[in-house]
Amino acid sequence: MRELTNSLLLTLTAVVLVACGSQAEQAAPPPPEVTVSQPLVGEVVDWDEFPGRFEAPQSVDVRARVGGYIQAVHFRDGDYVRQGQLLFTLDPRQAQASVAAAQAQVAQAQAQVNLASTEFERSETLFGQGFLSQSAVDLRQANLQTAEAALVAANSTLREARLGLEFTRVTAPISGRVSDRRADPGNLVAGGSSAADVLTTIVSTSPIHFAFDASESILLRYQRSARNGRAPLRVRLQDEGDFRHAGYLDFTDNAVDGASGVVRLRGVIQNADGFLRPGMYGQVQLAGVAPYQAMLVPDAAIVTDQARRIVYVVNADGTTAARPVELGPLVDGLRVIRSGLEAGDRVVIEGVQRIMQPGQPVTATAGTIQRQASEGAQPVRAAAAPASSASFSVGG
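Described in the following lines is the structure provided in the data block.

About the cut-offs
- Counting from 1, residues in each chain are numbered in the order their sequence is written.
- Only residues with pLDDT of 70 or above have their local features reported here, since the model is predicted, and side-chain atom pairs are shown and tallied only from 80 upward, although totals for entire chains, interfaces and linings are computed over all residues.
- Neither water nor hydrogens contribute to the side-chain values; these are computed over all heavy atoms in the structure.
- Just to be clear on terms, a salt bridge is a Lys or Arg side-chain nitrogen sitting within 4 Å of an Asp or Glu carboxyl oxygen.
- Accessibility here uses a 1.4 Å probe with only protein chains present; expressed as a share of the type maximum, an area under 20% marks a residue as buried, one over 50% as exposed, and anything in between as partly exposed.
- The numbering of helices and of strands both runs from the N terminus, where a helix is a DSSP run of H or I of at least 4 residues and a strand a run of E of at least 2.
- N or O atoms closer than or at 3.5 Å make up a polar contact, with two conditions inside protein: a donor-capable atom paired with an acceptor-capable one, and, for residues adjacent in sequence, both atoms drawn from side chains.
- Note on definitions: angles span 0 to 180 degrees between N-to-C directions of axes, and those axes are lines fitted to C-alpha atoms, for helices only across the stretch in contact.
- Here the angle decides the label: under 35 degrees means roughly parallel, over 145 means roughly antiparallel, 65 to 115 means roughly perpendicular, and every other value means oblique.
- In this scheme, a crossing is called left-handed if the near helix is turned counterclockwise away from the far one by less than a right angle; it is called right-handed if the turn is clockwise.
- For this classification, Asp, Glu, Lys and Arg are treated as charged, while Ala, Val, Leu, Ile, Met, Phe, Trp, Tyr, Cys and Pro are nonpolar and the rest, including Gly, are polar.
- In this text, buried Ala, Val, Leu, Ile, Met, Phe, Trp, Tyr and Cys residues form a nonpolar core when linked through side-chain atoms within 4.5 Å.
- By this definition, two strands are paired if DSSP reports at least two bridges between them.

**A few points about the pattern of salt bridges**
- Using the criterion set out here, one finds 13 salt bridges in the structure.
- Between arginine 182 and aspartate 180 there is a salt bridge; the shortest N-O distance is 3.5 Å.
- Using a relative accessible area of 36% as the deciding quantity, one classes aspartate 180 as partly exposed.
- Note that arginine 371 and aspartate 332 form a salt bridge whose closest N and O atoms lie 3.0 Å from each other. With a gap of 39 residues between them, arginine 371 in the segment after strand S24 (363-366) and aspartate 332 in the loop between strand S21 (326-331) and strand S22 (334-339) connect regions that are remote in the sequence.
- The exposure class of arginine 371 is partly exposed, given its relative accessible area of 26%.
- A residue is classified by how much of its surface remains accessible, and aspartate 332, at 5% relative accessible area, is buried.
- Via salt bridges that share partners, Asp77, Arg181 and Asp184 belong to a single interconnected network.

Below you can see the structure in the form of structure tokens.
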């Protein structure tokens, strides 16, 4: 009886297991759906990224060349002024009196020259007739030369007095944005030296400079690449999402700082509307190498596998395979793949999170990879993202 009972139990267990197996097979989920595309092949440029600040190409402290009382101010604080535009007027009356006195001295000296010239001519005539000695002629000639020298000195004094009168009109030495006035009408200001009172300041803003520091390794790479022409660059302000202010590199300092190991570089950016101001902070991207052909995939297609970066590709039989890749910079929203992929590979660009392991079957749908050009980008087609190939670890 016990043997019969055990036999029945074994039979029932087998039936239950077979039934469960059938249900499991019926409930197996379908292969996950993913979107695949071949890598996008295009021309890219690596960009090195650095922080920096805008600088004025010209900055001038406006001082009066002569001292005096300010009579009038002829600009509004913060105006854009043109070179030669009148900014301040000093009380001109003292300078006008000096000009009048110098003019009188010139007239007096001219009269002395006329008299000495007449006497010299008369002495030559008398000497020819034998009525005057040679020494008397020489004396009158010396008197004429002395009078002519006094006239030259008087004219010089007159020119100086006229300059003093001209300097009572303080004009803009350069075109640019003027600061606020530092002295109001009625104030006595000193002038004529570097210690004179600063009346206002002017900075030029169009074009404008962007200065930044780069490491010695970056400098060496640029020098060895033997670039033709000026290296393009572009700048992003603190509140901007893309690098829209385009320019070019125009200056590299003549020495590397021995303490920090960095070298100062400077770019030029057109600023016709005056929006960019000296002292503004920004991030600059500098074209690192000449344009080259590269494969690009969406950054979302890249998976971190411990220390490796991989992408999944779909084989012809519908199964997935992991490909370790070497990454480059972001370009137009896509990641450059330096190695690890072939141009004909079908890369999983959407749904990669549904893949649990390599070899898993999937249902692949064809998709497309598109570049998203940044606003204001250079014609060389590069992206608003730091270049992973840059080596900038000293000095920021």
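**Observations regarding the environment of glutamine 134**
- As for its placement among the helices and strands, glutamine 134 is situated in helix H3 (residues 134-166).
- Each C-alpha atom, one on glutamine 134 and one on glutamate 124, is 8.9 Å from the other, the two residues being ten residues apart in sequence.
- Side-chain polar atoms of glutamine 134 contact the side chain of aspartate 138, separated by 2.9 Å.

**Concerning the packing of helix H2 (residues 93-129) against H3**
- It is at 8 Å that the axes of H2 and H3 come closest, and there the two elements cross at 165 degrees. Viewed along their axes, H2 and H3 adopt a mutual orientation that is roughly antiparallel. Judged by the twist between their axes, the crossing of H2 over H3 is left-handed.
- Of the residues belonging to the contact of H2 with H3, the class tally is 18 nonpolar, 14 polar and five charged.

**Considerations on the nonpolar core**
- Grouped together as the largest cluster of nonpolar side chains are 20 residues, with contacts concentrated most on Phe54, Phe212, Ile269 and Leu286.
- Elements with a minimum of two residues in this core: strand S3 (47-55), strand S12 (208-215), helix H4 (216-225), strand S13 (232-237), strand S15 (262-269) and strand S16 (281-287).
- Residue contributions to this core peak at four residues, all from S12.
- Listed in part, the 19 residues of the second largest apolar core include Met295, Ile337, Leu341 and Ile369.

**Points about the sheet that holds strand S10 (residues 188-189)**
- Reading across from one edge, S8-S7-S5-S10 is the order of the four strands in this open sheet, with antiparallel pairing throughout. Strands at the two margins of the open sheet, each flanked by one partner only, are strand S8 (169-171) and S10.

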